[in-house]
Every structure is written in C-alpha cells, then in structure tokens.
Amino acid sequence: MATTNKSRLPLVLLLGIIFLASVCVTCANYDEGSEPRVPGKRERGRQEGEKEEKRHGEWSPSREKEAQPGRERWERKEDEEQVEEEWRGSQRHEDPDERARERYRAETTRKRVEEEREESDRPYQPEREEEKGSSKSQERRNPFLFKSNKFVTLFENENGHIRLLQRFDKRSDLFENLQNYRLVEYRAKPHTLFLPQHIEADLILTVLSGKAILTVLRPNDRNSYNLERGDTIKIPAGTTSYLVNQDDEQDLRVVDLAISVNRPGKVESFNLYGNKNQYLRGFSKNILEASFNTKYETIEKVLLEEQDKESQQSIGQRRRSQRQETNALVRVSRQQIEELKRLAKSSSKKGVSSELEPFNLRSQNPKYSNKFGKLFEITPEKKYPQLQDLDIFISSVEIKEGALMLPHYNSRAIVVLLVNEGKGNLELVGIQNEQQQQEERDKQVQRYEARLSPGDVVIIPAGHPVAVSASSNLNLLAFGINAENNQRNFLTGSDDNVISQIENPVKELTFPGSAQEVNRLLKNQEHSHFASAGPEQKEEESQRKRSPISLILDTFY
Amino acid sequence: MATTNKSRLPLVLLLGIIFLASVCVTCANYDEGSEPRVPGKRERGRQEGEKEEKRHGEWSPSREKEAQPGRERWERKEDEEQVEEEWRGSQRHEDPDERARERYRAETTRKRVEEEREESDRPYQPEREEEKGSSKSQERRNPFLFKSNKFVTLFENENGHIRLLQRFDKRSDLFENLQNYRLVEYRAKPHTLFLPQHIEADLILTVLSGKAILTVLRPNDRNSYNLERGDTIKIPAGTTSYLVNQDDEQDLRVVDLAISVNRPGKVESFNLYGNKNQYLRGFSKNILEASFNTKYETIEKVLLEEQDKESQQSIGQRRRSQRQETNALVRVSRQQIEELKRLAKSSSKKGVSSELEPFNLRSQNPKYSNKFGKLFEITPEKKYPQLQDLDIFISSVEIKEGALMLPHYNSRAIVVLLVNEGKGNLELVGIQNEQQQQEERDKQVQRYEARLSPGDVVIIPAGHPVAVSASSNLNLLAFGINAENNQRNFLTGSDDNVISQIENPVKELTFPGSAQEVNRLLKNQEHSHFASAGPEQKEEESQRKRSPISLILDTFY
Amino acid sequence: MATTNKSRLPLVLLLGIIFLASVCVTCANYDEGSEPRVPGKRERGRQEGEKEEKRHGEWSPSREKEAQPGRERWERKEDEEQVEEEWRGSQRHEDPDERARERYRAETTRKRVEEEREESDRPYQPEREEEKGSSKSQERRNPFLFKSNKFVTLFENENGHIRLLQRFDKRSDLFENLQNYRLVEYRAKPHTLFLPQHIEADLILTVLSGKAILTVLRPNDRNSYNLERGDTIKIPAGTTSYLVNQDDEQDLRVVDLAISVNRPGKVESFNLYGNKNQYLRGFSKNILEASFNTKYETIEKVLLEEQDKESQQSIGQRRRSQRQETNALVRVSRQQIEELKRLAKSSSKKGVSSELEPFNLRSQNPKYSNKFGKLFEITPEKKYPQLQDLDIFISSVEIKEGALMLPHYNSRAIVVLLVNEGKGNLELVGIQNEQQQQEERDKQVQRYEARLSPGDVVIIPAGHPVAVSASSNLNLLAFGINAENNQRNFLTGSDDNVISQIENPVKELTFPGSAQEVNRLLKNQEHSHFASAGPEQKEEESQRKRSPISLILDTFY
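Definitions and limits used
Residues numbered from 1 in each chain as written. Chains lettered and ligands numbered in written order. Predicted model: local features only at pLDDT ≥ 70, side-chain atom pairs only at ≥ 80, totals over all residues. Heavy atoms only, no water. Helix = DSSP H or I, 4+ residues; strand = E, 2+ residues; numbered from the N terminus. Buried < 20%, exposed > 50% of the residue type's maximum accessible area, 1.4 Å probe, protein only. Contact = heavy atoms within 4.5 Å. Areas by Shrake-Rupley, 256 points an atom, 1.4 Å probe, with all protein chains shown as cover. Pairing = 2+ DSSP bridges. UniProt positions renumbered as here; feature names shortened; annotations may be inferred. Salt bridge = Lys/Arg side-chain N within 4 Å of Asp/Glu carboxyl O. Polar contact = N/O pair within 3.5 Å; in protein donor to acceptor, adjacent residues only side chain to side chain. Phe/Tyr/Trp six-rings, centres within 6.5 Å; stacked < 30°, edge-to-face > 60°. Core = buried A, V, L, I, M, F, W, Y, C linked by side-chain atoms within 4.5 Å. Arc of directions from axis to C-beta. pLDDT = per-residue confidence, 0-100.

J.: How would you explain the overall build of chain A if you had to name every residue and give the values?
T.: Of the regular secondary structure elements, chain A holds 18 helices and 26 strands. Among the 557 residues that make up chain A, the fraction classed as buried is 62%. Pairs at least 24 residues apart make up 72% of the contacts formed inside chain A by residues separated by at least 6 positions. Carbon and sulfur atoms make up 48% of the accessible area of chain A, which totals about 22300 Å².

What follows is the structure, encoded as structure tokens:
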C-alpha cells in the first residue's frame, strides 16, 4: 500500500507535467490570438517556437500527442503558410503542369546541392550546416530571397491568374520597413480582359511581356493606353481600371508594386463584376432602388448577376458557379478589342510623359550599357514626377549570358528585384546575425546567395553590396524604395567606383597592399558596371579584342 | 483506504487544473504588463481572450472564483473599457435623459431587427447570427461605427465638458493607420471660458454650433478670432490658447481632430490653471524663484493656487476642491467678454485665408448642391495651405430629410465622419473577413450599417463604397485623411459617375445586362450626388417639378 | 498512513506550484523568442518580469536552479543589458578614473538626497518612495535621462573608441516615435584615422572638440573638409567616408545623430578594412576574380588581409589579432596627414553653405545671448536646406556657471540634448502616469530632475516645460526632431514669454492673483532666455549693475 502510494507520486507529477505542457501550449495560443495587429510577429513567433522545440527536444512524441488540441489550433491559425498550402493543394487539382514543375524544382534543387558542393573553396559557408531543400531552412539561409512559389494565387482560371507575393515584413523583421509594399503578378491569355475593379493601394504597373490596353477611369474622364513590354504607369489608389490582352498570340504578363493606403500590407480589391463580390451588391435593396431610381428587379437583372439559378443548384454546381462568380478574367472577341483599341493612346513612346501617362523604361538611353549588359532607369527626380510622391525608381536590367553586374551598393534605396527572364546567381553581402537583436559589435560579413529563376524576388537593403551573374540572358526588373538622392556605388570597374576614390594614404592604411598595388589591382577591370563573369572568359575576351567586328556586332545584339 | 486514494487522484488532478488555470491567467497578466508599447494589441488581446472564454465555456463559475486574483488585475488594467464604464456610471447620475435615451435605443434596436426581418431578400446578413444590442457585438458587427458613448469624459462641470473619443486603432487593426488621430469634443455654456493650455498635438478645430472667441498665443504675438458655426482653424501643436463662448444664449460646441506629435494617439494637455496640474508647479522652488526673480511665497500667491486651504479641508471638501482645481471651464462676466471681443478678428469671412487665419467651410460655393443636399469642402490643394502639411480635407455635408447622398467611394482619403445634427442611416460596403489576417481570396462584399445619431462617428476607409440617407435633416462633418489627389467616385447619378465611364464592350462583359440596358439604367437617376432616398418619393418628386416655386423655396431653406 | 497521505497532498500541491512556476517562465521565454519584431517590448518585458520576480520573491535559490535552462536562455537573449554589462566590465579594466568617478557619483547622490530632504516643502515627490542609486530605479524615476553609461562601446583600442547610445524606444514607450534615431559618439587620439566605411543611416555629424579632416566619397567625386568644434555636416546614408584627427595634441570628439533607413534603430556599418568584417570578403572567390579581372591570390594579398597568419596563431594570439582585424581606428603619420590636408576645404566659415558643405553652429549670431548664456541654432528653414529633408534643428547652448536657461517648452520639436561640457541640473515637467496607458484624466504634473554630467543625454518631448541650471560652465548640444515651425515658448523673462501674452481678463481667471499682480510678477525677471540661477545672486546682480565695466567684461568672456 505504502509502495503504491510512493510510486503514485511520480505518476501524479508526470500527469502534472503533461497538463502543464498542454496548458502552456494553450497559453501560447491565447497569446497568438491576442496579437492580430503586428501579424508578422505572430508567424515568426510560431516558427521560432517550433525551432525551439526541435532544437531542445522538449517535446517527446507522447507529450505532443497530449497537446494535440492546442497544436491543432496553432496550425489552423498559421494563415500565410496555410493559404500557401491551400494554394499548392488547389493547384494540384487545377494545374496539370504542377507535377512536372515539381519534378523540375526537385531537379534544380538537386543540381544546386551538387553545384554548391563543387564550390567548397568558398571562405564562409555558415549555411553549410543547415539542412538543404526545405523551404524553412532556405528562408533562414537567405531571408532576402523569395522564390516564385511564395506567390499566393488570388485568382486563377483557364484564361490566366492573379498572384500576390507573401508579405515581406512577415518573412523577417529585416523588412519591417517594407510593410506597405506588396508585389502582384497578372498573367492573361490572348484576347482576354481583367474586369473593372479598384484597389485600395497605389500601384506601379509594368508590362513584363505581351501587349495590353489599360483603361483608367476617373469620375468624369477615361483614358486608354496601349502598353507593351517595359511600359510602366502609376495607377493611383482607388482608381477603377481594366486591362485587356490585345495580342493575338502572346500571353500578357504584368507586375504591380502595390503600396497600401488604408492598412499596412493590405491591397484589397473592390470589383464591379461577379456575383458574391460585386461591391454594388453590398448596398441594401432600398438604397439601390433610390440610388438608381429604379425597381430592384431591374437593377438585379441588369447590374447584378441572377441569384435564382444559384439557389436551384446543387452544392456541387454551386461550387462551380462560385468560380464563375469571381471571374476576374474573361474572353473578349476580336471585334470588342478593336472597339477598345480605337480610343487607346500609344503614348508610351513620347519623350516626356505627362502626369498620368505611361512611359517606357527603354525609351531613353540606358544609364549603363556595354556588351555585357544594360541598365535602364527612371528616377523620381526627372521625367516622371508621379514617382516622386512614392519616392520610387524603376530599373530594367539586362545581363548577357556569362556576364556579371559588378559588385555595387545603393546608398539609400531598398531594391525589390524581380527576375523576369533567364537564370543567374546573386550574391548579397550582409552582416552576420543582422537578423538578431544584438548590437553592432563583433559582427562579421556574410554572403547570401540566391540562384535566380523567373518569378523569383530578391530584396536588396540599402548599403548592402550585391553582384549578379547570368547563366542565361537575364532580365531583371527592379523597384527602388527611398529612391531620391540614391547613389549606386560600384566597388570594381573603371567608372562610378567608390573604392578608387579613396586617397592613396588612406588606401595604404585600409588595405594590406600598398597604394600602388591597390591602384594597379583596381585598373585591372577595364569595364564598368557590367563585365565578364568567368575568369575563363578573360582569354576569350582578349581574343575578342582582336576582332573588333564581333565586338560591334555584339553591341548591336 | 485504497478507494480513498483512488478517489484522491482525480481530486489532485482537479486541483491541478484549477492551479494551472490560475497560473495561466497570471502568465497572461505578466504578458500584458510587459507590452506597454503597442497598446492596441493589449486591449484587443484581452477582448479576444474573453471571447475565447465565453465561446468555449472554459470558465465555469467556480473556476472563475478560483482565478479571481488574476482576473481582478486583468480588469484593473482594462483601462479604456474601464474609463468608459466609469463614464457611463457617472452619466447615469448626471444625465437624467439617459434612461429615455436607453429606451429610445432599445426601441430603435427592436425596430431595426424588424426592419431587417422584412428585408429578408437581401443577399448577405452574416450579422444575423450574432446577439444584438450589446456594445461588443455591435463593434463586431460594425467596427466602423463609434457610437457617441465611445467618447470618454476628460473634464466635466456645470459649465460644460471635454470629451475624447476612444482610440481608433484600439478598436480594430482596420484602423492601424489612424493611430495618430483622435477626436476631441468641447461643449460650453454661454459666457464661459476654457482656460489657457497647450496640447502636444496638432489640432484642427471646427465650430459645430455657437459663437466663440479663440485666442492663440505665440511667444511674441497674440491673435483672437471670432468664430461661428463652420469656422475652422488649425492650431499647431504646443500652441497656448483659450476659448470663450461669447454668446448670451447658445451653447458652444466645438470638435478638434488631434494629430499627435510625440507619441501615437497621445494628446496630453499642459495647463496654466488649476492646482495639481498647473505645469508651473512642476518646477522646484529654487528654479521658480530664480526664474521669476521673486520669492516663492509671492509666486505661489499670485500664480499657483493656495495649498493651505486644501490641507485644512476634510476629505469630503478636498474632493470638491479637487474638482475646482482641475477647473478647465469657468464663467466669464459680460464685461470681460466685451474686453476680449474688442481685439478679436472676424476674419473667417474673407475669401482667401492667410497662414493661420480661420476659414469658414461654408464661405465658398458648395462643391455639390441640389435640393436634396449640399457638400462644402476645403481641400489642402487650394485656399488653405495649412491643411497641406497635415494632408487633410474638411467637408460639411447637409442631407435633407428623406434624401440620400448617392453611393460613392473616396479614392485615397480615409474619412472620419461626425454626425453633428439629425438622424440617418449609413451603409458602408467592405470585404468580409477584412478584419482577419487572411489573404485576399474568396472574399465576399459585406454591408455594414449604422443608424446615425448626433455625436456618432463613422470611419470610412478609402476605396470603400458608402451611402447615407437622412431620416431627419442631417448635418455631417467629415475629416479626410490622405486628402491630396483624392477623387470622390460616385456609383450612381448623372455627374461624377465612374460606372458610366466604362466603355460599352466592357459594360457587357462586366454586367449581366447588355450595354444598352446598363446605360438606360444609369440614366434613370437624373440627379447627381444627392437624390431622394425613397422610391415612394419619386412620385412626390415629379409633383414638385410641377411647382417650381416650392423647389426654389426649398433651395433657399 | 492516513496522516502521511493527508500531509502528502500539500506536498504534491507545492511541487505542482514549483513546476507551474518553471513552466510559466518557460512560456514567457517562448514568448520573448517569438517577438523579434518590436524589440523594445521584449526587453522591457524582461525587465518588468525581473522586477516582478524580485518584488514578489517568487524565486528561491533552489527554484531558480530548477528553472535554470529557461533562465540561461533568458540571459543570453538579454542583449542590450548584457552588452552594457560587458562594457562596464571592460571599462573597469581600462579606465583608471572610474573609481574616482564612482566615488564622485556616490557623493553627489548623497548630497542630492540631503538637498531633497531640505526641499521638503516641495509639493510633489512621488519618487521619494523608490530606492535611490540603482540604475533601474533611476530610469523609473526619470525615463527622460540617459546617463553616459548607457552608451555601448562598439569599438575601442588605444587610439580611441566608437560608442552607441541605447535605443531610445527600448527605454520607454514615451519614445516610440524616436525609434529611427540613435546617437553615436567617436573619440580619437591625435594623428589617428577612422578607416573608410559606410553606414545604412543618415548621419548628422557635429564636432564636439578637436580638429578633423572628413572625407566624403561619391562614385565619381571626393570632398574633404577641415572641421573644428561646432562644425556640422550631413552625411547621407550609404556614403563612404573617413575621418582624421589632424591635431597634434587634442583629442577629437565627434557625435552623430543617426537616422536609420532600412530598419528602425539599425545603424549597421559596412567596412572596407579589417579581416572578418571587410565587406568585399563577403563575395565569393569567383565573383571577386571576375569583378577585379584578377586572380584571387592577388586580390587577397592586396585588398583582403591574410588569413594564413591567423590560422597559425594560438587562441591567445588570435584574440589579439581579432582586435586588430576590427581595427577601425589607426595611427597616421604626420606626412600622411599633410597629404590629406592639402585638398581639404575649410568651408565651414562661409556664410551660406552649399548642398553638402559643413557649417559651423557658431558662425552666425546667436539666437539668444546675454551675460548668462548663449544659444546658437541652425533651423531647417534657412541656411541649410539639407536639414529640411530630415526636419531637424541643431542648437549649441552655453550656460554660464551659476546661470539658468529660463523655463520654456518647444511647441513641436522633440529635443535630444547631449551634455558636452560642464555640470548642471535639468528640470523637466511631465504629466504623472504619462508612461501608463491611462486616458488623459485626473493627471498631475510631475517634475523629472536630472543632474547633468558630460556625456549624459536627455530627451525633452515637445510641449514639456524644461529649465536648465549650470553648476559649472555648461555646454549643451541639442538635436531637435520635428523642427519645422517649432516655437520656443518661454514661461518667464521679458522676451518670448508666452504667459505675458495672455490677456488681462484671462490672467485673472487663470491665476489666483489679480491681473495687476501677475503682470508685476512677470516683470520682475528683466532678463530673457538666460538669467541668474540663484536667488542669492539677485543681490550680486544688482551690485553688478552698478559696475557696468564688469558687465561688459563678462559679456566678452
């Protein structure tokens, strides 16, 4: 009897621990529920909590089972991730190419691991220890890189899709200051129309490929523009607009940088189409009747989609009809496109654009250009006053296969870089433990590498050196935030090289070599801004020098 | 014995649970205490925690008793709510009309439930399920509406009061971007004076009714202004000022939009009057003597109120004297008012106002005007450069009984709408689950309704369609935040109608009706901006057309 | 048996409590780990948690051992405090004067307690109850004061140091709006050089003492400036620069106000020197070879410091070499200084400065000046447009020993005040419980006192009255944030006195004395802005009036 009692004591304690564990999780849950305001934290909190668990192994499987209810709620709340999960899930059903793509991704991951193994002579590889492949570990390895699968599908049908990139500020507190910025991507098949809507965010729209007609409505005015690759236009928040792919063959691809007005990170759209989410439906019958001075039945028949059908449908049908209701992208007849084309202006080719007119990134001379690459840029200071309010620059960068955009840093601007076409490699230099709250002391520099594929996004904070090499012809689109008075400081090359500006006595004190040695080294790179990416190309290059014709041809390419 | 032991096990477990529960609450409390920085979260956390409890029924009455110490602290910290509670408490004693008002409210709620039942053909009524009447459920039902009882009384005596509206950002993360904006309301009986003070916030002051003299002091300057209904003036942060009700009969009612300078949402005032909170008292005896080059006794006698009396008073008396100490609002003799009047300028009637001069909202032509309503507006672009820094517009809206301000949305501006006079109904169209952290997907539009009474405030976020109907002559005051380049897009009516700007082919693709049908429908409403609210008034209206004299009289009304 | 069982029940409960306590701490830890985004909160949370513990005595030593893993992690995360601790530790070894200073501090504290006892007639001393002396209690007593030991050493060697002040927003939510502002202090021995780097923050640099050459590099340009005491220059974020102490004898002391660009409160520096944290090392071998068009071995030899040596060193040596690696401050030969001097401009004496040229605070007439003190000020409005973007003013204030800067408040500007030289006393008037979340009701004014020593920093929020007296000649440097349209309102003295602007009838209603009495009192202080600090000096003063020569001499002093 006594022994039973003694042995029961640890049992009671064990039970106590189990309960405590479950309570603890419950506490954590309340906590999470109580922080809807700074959402990034919530998610990160969870991630870190999970890491913590795994690292310290505090959760034995049995305990975890006990705490299941808590954990379940936990997971249910993991919104961002969950939506993404959903998205992947739904995509699996709707997108037949997904498996092929997944196979492709698995392959590129494998390739990448191999490639990285080959580069074992690199000086710092703190990421080496972490497990590769998993999305989480990649984020930890390179928080600056948002792979294209971080876009969440907002809408998708057989004609195209609308996708929204994960919030930057939810990824890491490195991007706290980007809480108002989001990236949206549109893709539309030929002869289709994104129906009228307005968005509660300022938009900078750029055409990545294809030919569009964009129509922008104001209360007493309407403007239509023919847009093509490189055309860029600001659509102020709350502007009702619609977008047509006017081309007969090519898909239209468009990207928006959205800057939220009402709430950080929110880019809610208000639609004039569809059944459930047409915003006119939001008003009561009385208000609609008085507003249109018409009976509700007529309003419903003419402006709002019929409900009768829906109510007669089975649940299965209703689900299908729901898809149709939110049909943001519909087919347009050739005749309708001709009608829309008639009034559209092709103003993008004009030299100086008026207030709300679009401009083409490539209509001016490139800021930097040589046989290895080109950079076109629109800054807020000139040409496009509309960017001044937003304090944003836009660049289009072309790097030829086998070439390199030389190491440089932006003095003030935080760059949101989108890979439009091609593949390459980006190296970003940051400060180790920058993500942590430590003070600036005993810190080391750290390289963050990113293999670039179309659709990937990289954030380059101000002051952080960066270099990009192209393994195939690479086309990048860059939005620069805090653009005014930004300086691009190159670290190598003959022009705009800030290191070569250091005075000789200081060069000697800064670097191990003598001033003469440093200067000789700096002169070795005769190109500016863009150069050949491989040391093996040096020979190639010198050969090319002997054939000036190929060089000229190359420039015209 | 064995049975006793067995039965003790669950007992121990039960006790364990009780302790765990209490610990959990204590944890939560520590947590709250540790988050003074983002205060909105704290409160919301608590609210959600409470909801959680109620929903899941985790707190049986007996448990709640066990956890009392924790809960008590909880409640003590629930500042905002508590203050409000107090206020309601005091109102119950001081405001004899409260019961009548409560009866009125109960009745309107009942009416409303009935009305809503009638409108059972309306598509979306998610609010139906929630319990009506309670303040919490109303907030959840319509987070955009702040009923007049959400004003907290900062000061109150027989001459009037000062009230501060609940922080917008504490209500919901929908209003995260409004963290710097507060509404303050002043009411003063005839021949009274709000004593000199300065506030650490920029103020936009508007006279709702009555006649005032406002005196604004600068280090080497003083300006006095005669203000009357509609007069508006910016008082820069830190400006010492005082305000007199110069009228012999009418109460003075003034509203301030306060934009905080030091800390989000803080509008601390520094007073030159009163005993405890006169800021000169904050300096030490030594500093005061040196500063005034005078003995402390004299300074105390002349500038600071006597302490001797207080120390001799009983507790009861002290409490009364405490009231007087913080006497922000005192009676002024007719002679004193005459003296103050002599120097005051009535500049508000001038066409263009100089830098700090007041202007009258109604001194210019209304932006919109017809027999159903009028909208006067001052935008930052012109006339009043002072609003430019603050990027705010101010409108005064009049809607006649039985009329409707037609559905519209503001493209950029977030509107803080105060009901000055009259009653009406407002419908705001939002996106369902907008309050949650979900991504923008599978969302439906949702109607948020608000019965408007004097003193109520509604926040209308940018891009959100809204319509207001008047059940009695309605006067609204609107502050628009992010005013620059704001466009008011009407959705019905003949002018400024953005839907009528959609091209015909797109109309056909967007709406179920043909372009012809849509255009015919849009032309049915021949009025602009304001129209009749009821379909029954259509007949009435056509009658009125036949009697142009009544129409003209109506316009002059 | 039965008794054993009965007595075991409380034992089980006790054990339960212990576990609950430990779990609770673990919960708290997770929590903290999960909030990297709003870092101030974390720290404060911890501080409060600790206070809580100490106050309630919940941690007996044995319990603390139980919870050790949790606490360890806790401490590891306590970055700010820990770094500071480290710093104090290192200071104890390196600074021989520390003990003397500590003795001094102890003495002044003693004196102060005595003084305060004498002043027992002062109305409000809520701080009386709190324990004196400890840093924590001081913070609670005066959150506005940052003693010089709140600077964290980022770098230190025999030539000087770089120190960074604790984040303002981490101290208290009073300074929430200062999250982007940091103070950095540099000190360098004669003939030394701070090596080239760039910082991801805008800097306003002011020379406190000594003579410097500052070189600022742009991609295609270089400017060198001779700077001396009072010279001030804006260095835009991301600008590569280096700084020489060109003097033969005097130490150079410089202070930067840093305004972060990427992330609130972050002022990460990117260095071109040193081994581990030279940012060029961040790039891969391949990129470096291609960028410099040179073999890696050469690049390493000339630009990057040798790694070979390090790997052969013992741990002891490595630690020393690590010091050298991060050698931000090196000795420069006289000859090198001459070379650097040749191109430097001494532009600071010019009347109006061009865009990026430095200016001297004292090159213009003082804004206020009399025999008791002087105030020099550069405002964004004129002379220096660069400050306009940043909306900052800079003042240099001199208060003579025994004098007083009269009570005043800034209408809009939040002032960051650094004590450069001398000692004194500052009184700041705030609102009691301002730090808490309570609404603005039933609040009292409260005095916050600070004994000023060189290196101390005080934050003076807008609208808060302040007075400063000098116990030895006092030199203050002030950065004013939200500078535009700021008004300095004096509360005593003959000029700029806002109280004397109040009209007579209102004076009578505001103050206990009659208007006549108030006016007579206000005229007693015939000086403006600065006056004598002691009432005993009044006699002295009147004597001085009789000897105008001493007065004149005094003015020239």
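That shown, we press on.
J.: Give me the sheet that holds strand β19 (residues 414–421) of chain A: which residues, what numbers.
T.: Residue and element names in this part refer to chain A. Strand order across the open sheet formed by seven strands is β1-β22-β19-β24-β17-β16-β15, with antiparallel pairing between neighbours. Looking along the sheet, the strands with just one partner apiece sit at the ends: β1 (145–146) and β15 (368–370). Sheet topology note: the strand β17 (residues 392–399)/strand β24 (residues 474–481) ladder contains eight bridges and is antiparallel. Of the residues in β24, the one forming a bridge with isoleucine 392 is isoleucine 481.

J.: Help me get a handle on the sheet that holds strand β9 (residues 231–235) of chain C, residues and values and all.
T.: Residues and elements named next belong to chain C. What the seven strands build is an open sheet, ordered β2-β3-β4-β11-β6-β9-β14; its pairing is antiparallel. Looking at strand neighbours, the two that pair on one side only are β2 (151–157) and β14 (359–360), the edges of this open sheet. For strand β4 (residues 181–188) and strand β11 (residues 252–260), the ladder comprises eight bridges, and the chain directions are antiparallel. Paired with glutamate 185 across the bridge in β11 is valine 255.

J.: Let's hear about the UniProt feature "domain: Cupin type-1" (unreviewed entry) in chain A: which residues, and what values?
T.: When the UniProt feature table is mapped onto this chain, "domain: Cupin type-1" (unreviewed entry) is found at residues 143–300 and 359–519 of chain A. Helix makes up 11% of residues 143–300 of chain A and strand 50%, and the two end C-alpha atoms of the span are 49 Å apart.

J.: Which residues make up the pattern of salt bridges, and what values go with them?
T.: Under the counting rule described, the total for this entry stands at 37 salt bridges over all chains. Here A:Glu421 and A:Arg229 are joined by a salt bridge, their closest N and O atoms 3.0 Å apart. Remark: A:Arg229 occurs in the loop between β8 (221–228) and β9 (231–235) and A:Glu421 occurs in strand β19; sequence separation between them is 192 residues. Under the relative-accessibility criterion, A:Glu421 is labelled partly exposed at 31%. The partner of C:Arg451 in a salt bridge is C:Glu449, with the nearest N and O atoms 3.8 Å apart. Here C:Arg451 falls in the partly exposed class, since its relative accessible area comes to 28%. For C:Glu449, a relative accessible area of 10% translates into the label buried. What emerges from the salt-bridge pattern is a single network uniting A:Lys367, A:Glu377 and A:Arg488.

J.: Residue-level account of the side chain of B:Glu377, with values.
T.: All names here are of chain B. In this fold, glutamate 377 is placed in strand β16 (residues 373–378). There is a polar contact of 3.0 Å between the side chain of glutamate 377 and the side chain of lysine 367. In this structure the side chain of glutamate 377 is engaged in a polar contact, spanning 2.6 Å, whose partner is the side chain of arginine 488. When neighbours within four sequence positions are excluded, glutamate 377 is seen to be in contact with Gln364, Lys367, Phe393, Ile394, Ser395 and Arg488.

J.: Give a detailed account of the pairing of strand β23 (residues 466–470) of chain B, specifying residues and quantitative values.
T.: All names here are of chain B. Counting buried residues along β23, five of its five residues qualify, which places the element largely inside the surrounding structure. Judged by which residues are buried, β23 turns out to be covered on both faces: Val466, Val468 and Ala470 on one side and Ala467 and Ser469 on the other are all buried. Pairing of strand β18 (residues 403–410) with β23 involves three bridges; the strand directions are antiparallel. Bridge pairing in β23 places histidine 408 opposite valine 466.

J.: Quick rundown of the pairing of β8(A)? Include the residues and the values.
T.: Residues and elements named next belong to chain A. Here strand β7 (residues 211–218) runs beside β8; their pairing, made up of eight bridges, is antiparallel. Its bridge partner being in β8, isoleucine 213 is matched across the sheet by asparagine 226. As consecutive antiparallel partners, β7 and β8 are separated by two residues.

J.: Hey, could you go over the environment of B:Leu214 for me, with residue numbers and the actual values?
T.: Residues and elements named next belong to chain B. Tracing the backbone shows leucine 214 in strand β7 (residues 211–218). Once the C-alpha coordinates of leucine 214 and serine 241 are considered, the two residues, 27 residues apart in sequence, prove to be 7.2 Å apart. Apart from residues no more than four positions distant in its own chain, leucine 214 is found in contact with Leu205, Asn223, Ser224, Tyr225, Leu227, Ile233, Ile235, Ser241, Tyr242 and Leu243.

J.: Run through the packing of aromatic side chains, naming residues and quoting values.
T.: In the structure shown here, the tally under the stated rule is 24 aromatic pairs over all chains. Considering the side-chain rings of A:Tyr186 and A:Phe194, the 5.2 Å spacing of their centres and the 75° angle between planes classify their relative orientation as edge-to-face. Exposure class is identical for A:Tyr186 and A:Phe194. Each is buried. The interplanar angle of 80° and the centroid separation of 6.4 Å between the aromatic rings of A:Tyr409 and C:Tyr279 together place this pair among those described as edge-to-face. Placement of A:Tyr409 in strand β18 (residues 403–410) and of C:Tyr279 in the loop between β12 (269–271) and α9 (285–292) is noted, with the two residues assigned to different chains. Residues A:Tyr409 and C:Tyr279 agree in their burial class; the two are buried. One aromatic cluster in this structure is built from A:Phe144, A:Phe146, A:Phe168, A:Phe175 and A:Tyr448.

J.: So what's going on with the nonpolar core? Which residues, and what values?
T.: Counting residues in each nonpolar core, the largest one holds 399 residues, and the members touching the most others are A:Phe168, B:Phe168 and C:Phe168. Among residues more than four places away in sequence, those in contact with B:Phe168 are B:Phe146, B:Phe175, B:Leu178, B:Tyr181, B:Arg182, B:Leu183, B:Val416, B:Val457 and B:Ile459.

J.: Could you give an account of helix α16 (residues 515–523) of chain A, with specific residues and numbers?
T.: All of the buried residues in α16(A) are A:Ala515, A:Val518, A:Leu521 and A:Leu522. The arc enclosing the buried residues of α16(A), seen along the axis, measures out at 130°, which places them on a common side. Facing away from the buried side of α16(A), by more than 90 degrees, are the exposed residues A:Gln516, A:Arg520 and A:Lys523. Those residues of α16(A) that are buried are in contact with α15 (504–510) of chain A together with α9 and α10 (296–302) of chain C.

J.: Break down the environment of C:Gly230 for me, citing the residues and quoting the values.
T.: Residue and element names in this part refer to chain C. Note on placement: glycine 230 falls in the loop between β8 (221–228) and β9. The buried category is assigned to glycine 230, whose relative accessible area is 6%. What glycine 230 contacts, discounting residues up to four positions off in sequence, is Val207, Phe359, Asn360 and Leu361.

J.: Which residues make up unusual backbone geometry, and what values go with them?
T.: The backbone phi angle of A:Asn485 is positive, close to 65°, even though this residue is not glycine. With respect to the helices and strands, the residue A:Asn485 is situated in the loop between β24 and β25 (488–490). The phi angle at C:Asn482 is positive, at roughly 65°, despite the residue not being glycine. Counting through the fold element by element, C:Asn482 comes out in the loop between β24 (474–481) and β25 (488–490). Under the relative-accessibility criterion, C:Asn482 is labelled partly exposed at 24%.

J.: Please set out the confidence of the model for chain A residue by residue, giving values where relevant.
T.: Residue and element names in this part refer to chain A. With 63% of its residues at a pLDDT of 70 or more, chain A shows a mean pLDDT of 74. Here residues 1–5 scores under 50 on pLDDT; set against residues more than four positions off or in separate chains, the count is seven contacts. Here residues 536–557 scores under 50 on pLDDT; set against residues more than four positions off or in separate chains, the count is 19 contacts. This complex was scored by the predictor with a pTM of 0.75 and an ipTM of 0.73.

J.: Requested: an account of the environment of B:Asn277, with residues and values cited.
T.: Residue and element names in this part refer to chain B. When you line up the elements, asparagine 277 lands in the loop between β12 (269–271) and α9 (285–292). When its relative accessible area of 10% is taken as the criterion, asparagine 277 is described as buried. Taking the C-alpha atoms as reference points, asparagine 277 and asparagine 360, separated by 83 residues in sequence, lie 34 Å from one another.

J.: Can you lay out α9(B) for me, pointing to particular residues and giving the numbers?
T.: The α-helix winds at 3.6 residues per turn, so residues separated by three or four positions along the chain end up facing the same way. Extensive coverage of α9(B) is indicated by the burial of six of its eight residues. For α9(B), the complete set of buried residues consists of B:Ile287, B:Leu288, B:Glu289, B:Ala290, B:Ser291 and B:Phe292. Check the buried side of α9(B) and you find it contacts α10 (296–302) of chain B together with β18 (403–410), β20 (424–431), β23 (466–470), α16 (515–523) and β26 (530–532) of chain C.

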